[in-house]
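Residue strings, one per chain:
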Amino acid sequence: MGIVEEAHNVKIVGKGNQIVILAHGFGTDQSVWKHLVPHLVDDYRVILYDNMGAGTTNPDYFDFERYCTIDGFVYDLLAILQELEVQSCIFVGHSLSAMVGLLASISHPHVFSKLILVSASPRFLNDSEYFGGFQQEDLTQLYDGIRSNYKAWCSGFAPLVIGGDMVSVAVQEFSRTLFNMRPDITLSLAQTIFQFDMRPILGHVTVPCHIIQSTKDLAAPVVVAEYLQQNLGGKTIVEVMPTEGHLPQLSSPDIVIPVLLNHIQHDLAEAK
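Quantities reported herein were computed from a predicted structural model and do not represent experimental measurements.

So, how was this worked out
- Residues numbered from 1 in each chain as written.
- Predicted model: local features only at pLDDT ≥ 70, side-chain atom pairs only at ≥ 80, totals over all residues.
- Heavy atoms only, no water.
- Pairing = 2+ DSSP bridges.
- Helix = DSSP H or I, 4+ residues; strand = E, 2+ residues; numbered from the N terminus.
- Axes fitted to C-alpha atoms, helices over the stretch in contact; angles between N-to-C directions.
- Buried < 20%, exposed > 50% of the residue type's maximum accessible area, 1.4 Å probe, protein only.
- Right-handed = clockwise from strand over helix to strand, strands pointing away.
- Salt bridge = Lys/Arg side-chain N within 4 Å of Asp/Glu carboxyl O.

Undergrad: Run through the sheet that holds strand S2 (residues 19–23), naming residues and quoting values.
TA: Spatially, seven strands are ordered S1-S3-S2-S4-S5-S6-S7 in an open sheet, and the strand pairing comes out mixed. Two strands lie at the open edges of the sheet, namely strand S1 (11–13) and strand S7 (236–244), each paired on one side alone. In this sheet, adjacent strand axes meet at a mean angle of 20 degrees when their direction is disregarded. Sheet topology places strand S4 (residues 89–94) next to strand S5 (residues 112–118); six bridges connect them, and they run parallel. Among the inter-strand pairings, His 94 is bridged to a residue of S5, identified as Val 118.

Undergrad: Tell me about the pairing of strand S6 (residues 209–216), and please be specific about residues and values.
TA: Summarising burial for S6: six of the eight residues are buried, a large majority. In this sheet, S6 lies alongside S5 in parallel orientation, the contact comprising four bridges. For Leu 117, the partnering residue across the bridge sits in S6 and is Ile 211. Here S6 pairs with S7 via seven bridges, running parallel. Its bridge partner being in S7, Ile 212 is matched across the sheet by Glu 239. Crossover handedness for the path S6 to helix H8 (residues 222–231) to S7: right-handed.

Undergrad: Which residues make up the pattern of salt bridges, and what are the values?
TA: Inspection of every chain in the model, using the stated rule, returns ten salt bridges. In this structure, the salt-bridge partner of Arg 66 is Asp 76, at a minimum N-O distance of 2.7 Å. Within this pair, whereas Arg 66 is found in the loop between strand S3 (45–49) and helix H2 (71–83), its partner Asp 76 is found in helix H2, the two being separated by ten residues in sequence. Its salt-bridge partner being Arg 199, residue Asp 127 comes within 2.9 Å of it at the nearest N-O pair. Placement of the pair is Asp 127 in the loop between S5 and helix H4 (136–148) and Arg 199 in the loop between helix H7 (183–195) and S6, with a sequence separation of 72 residues. Under the relative-accessibility criterion, Asp 127 is labelled partly exposed at 33%.

Put into structure tokens, the structure is as follows:
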């Protein structure tokens, strides 16, 4: 195993000619795909990895300067693909990683046959012409919460994002992966992610995009999915699922897994 593979806990499972990359978002790790993976391994070679900063990675490897922009995560993804000699893949990216996949596809469009974007947002902050879901004061409070009492913040943030109460398994799971992160790394990543603005790059994306979205998502409202569809440079399709929350693959797998499988198995013109 190479240095990059080891640092990102790269795991390769399944058999098949086509490669599916599963990439997680903020506050989680590759375990967020645990309900999907068993449905893929008979037909696909599945590559999972952890973003740097996840609680499962070595915090000593986290470079605050490298990850103060999303580009650091893009370089990591491209390094993993290079080390594994991936020539072509279906990329499934959740939240942060959806944007990482978009950016990577601009410089390496030949490597990505399609992008499946789950709970994706190019911009979380509202402005005069755009609704992302958050005001700056909301984010300031979020950062203050991380600084002041990290455990309490995790316990409050998890049900807001998942869309459930503290007794739900999905909320407990998200609370666990959040709390496993080092607080200073969580704060740095939150500031990187919640302040970024990926809107200017959308028109440069030419790879087909399948946009998968919950009906109700605090962090990525449905209007954001519509914005992506209108502004991405290539072919797109949007599917809004009757689910709630930002991590539907964890909280509503019975609904989400068939949807994801449909979009993985069928190209844009064929998606049912």
